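Per-entry structural report
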Amino acid sequence: MHEAQAVLDKYNNILQDYANKVMPQFEPSMDRQRQPYQPFYKKLFDFYLLTSYLTESKLFPDDGSLQGLRILYAKSCHSFFGVYSCLKNGLASEGAVILRSLFETKLNVKLVLKNDTPQRDKLFIDFNIVEKWNNLQAKRLLLRNAVISQKDFDSGYYNNEITQIESDYARIKENYHPKQPYQWAWKLFQPTLHGKNPSIKI
């Protein structure tokens, strides 16, 4: 016990010495890193406030419909704040990763709004059931390959949750790819892509 504490104290002292060395230059360095992005990220924060306001306003009906669009708007709001936070700290490459997610969200919003919005919104929401089913199949594969134990598998589900997942999936599965249900909009593109999943390539 004393030896372990001595080791911890040793490395705590080393880290403290390092912090004393670098911290005086940390904030000036951050200021230099964020300087090129300062005009942009301040405007981005204003836009984040706008998207946050729209997400929490009466933009969406209170009857529980269009939940997919509500989720997509909330996601875009968080993404805007993520890009802002990255640029504010000089992390342009990391911000670009979130920007790609924001671009995908924009495409999904446009796709839902383009035509038959209530039906498309439901496709997007029901895809949550598909993702649960996909996750269940992945865990079953791990169980068959002895990567996880039966106890670990069972601990991930409560009571009759597996039965509920399978029942829910059976109810909506015809709207998604029969063998690779990895895209919520598969049904929309089925005629033009001949049954293939749509994809985004950037």
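Below you will find a few notes about this structure. All of these numbers come straight from a predicted model, not from anything done at the bench.

Considerations on the side chain of asparagine 108
Looking at the secondary structure, you find asparagine 108 in helix α4 (residues 92-114). Given the relative accessible area of 16%, asparagine 108 is considered buried. Setting aside chain neighbours within four positions, we find asparagine 108 in contact with Leu72 and Trp184.

Here we look at unusual backbone geometry
One non-glycine residue, aspartate 116, lies in the positive phi region at around 45°. With respect to the helices and strands, the residue aspartate 116 is situated in the loop between α4 and α5 (117-144). Of the residues examined, aspartate 116 reaches a relative accessible area of 45% and is grouped as partly exposed.

Remarks on the packing of aromatic side chains
Applying the stated criterion across every chain yields a total of ten aromatic pairs. Both rings, one in phenylalanine 45 and one in tyrosine 48, keep their centres 5.7 Å apart while their planes meet at 40°; by these two values the pair is tilted. Here tyrosine 48 and phenylalanine 45 lie together in helix α2 (residues 38-56), a separation of three residues that amounts to about one turn. When its relative accessible area of 27% is taken as the criterion, phenylalanine 45 is described as partly exposed. Aromatic pair phenylalanine 45 and tyrosine 84: ring centres 4.9 Å apart, planes at 40°, arrangement tilted. Residue phenylalanine 45 is located in helix α2, and its partner tyrosine 84 is located in helix α3 (residues 67-88); the two are separated by 39 residues in the primary sequence.

Criteria and cut-off values
Residues numbered from 1 in each chain as written. Predicted model: local features only at pLDDT ≥ 70, side-chain atom pairs only at ≥ 80, totals over all residues. Heavy atoms only, no water. Helix = DSSP H or I, 4+ residues; strand = E, 2+ residues; numbered from the N terminus. Buried < 20%, exposed > 50% of the residue type's maximum accessible area, 1.4 Å probe, protein only. Contact = heavy atoms within 4.5 Å. Phe/Tyr/Trp six-rings, centres within 6.5 Å; stacked < 30°, edge-to-face > 60°.

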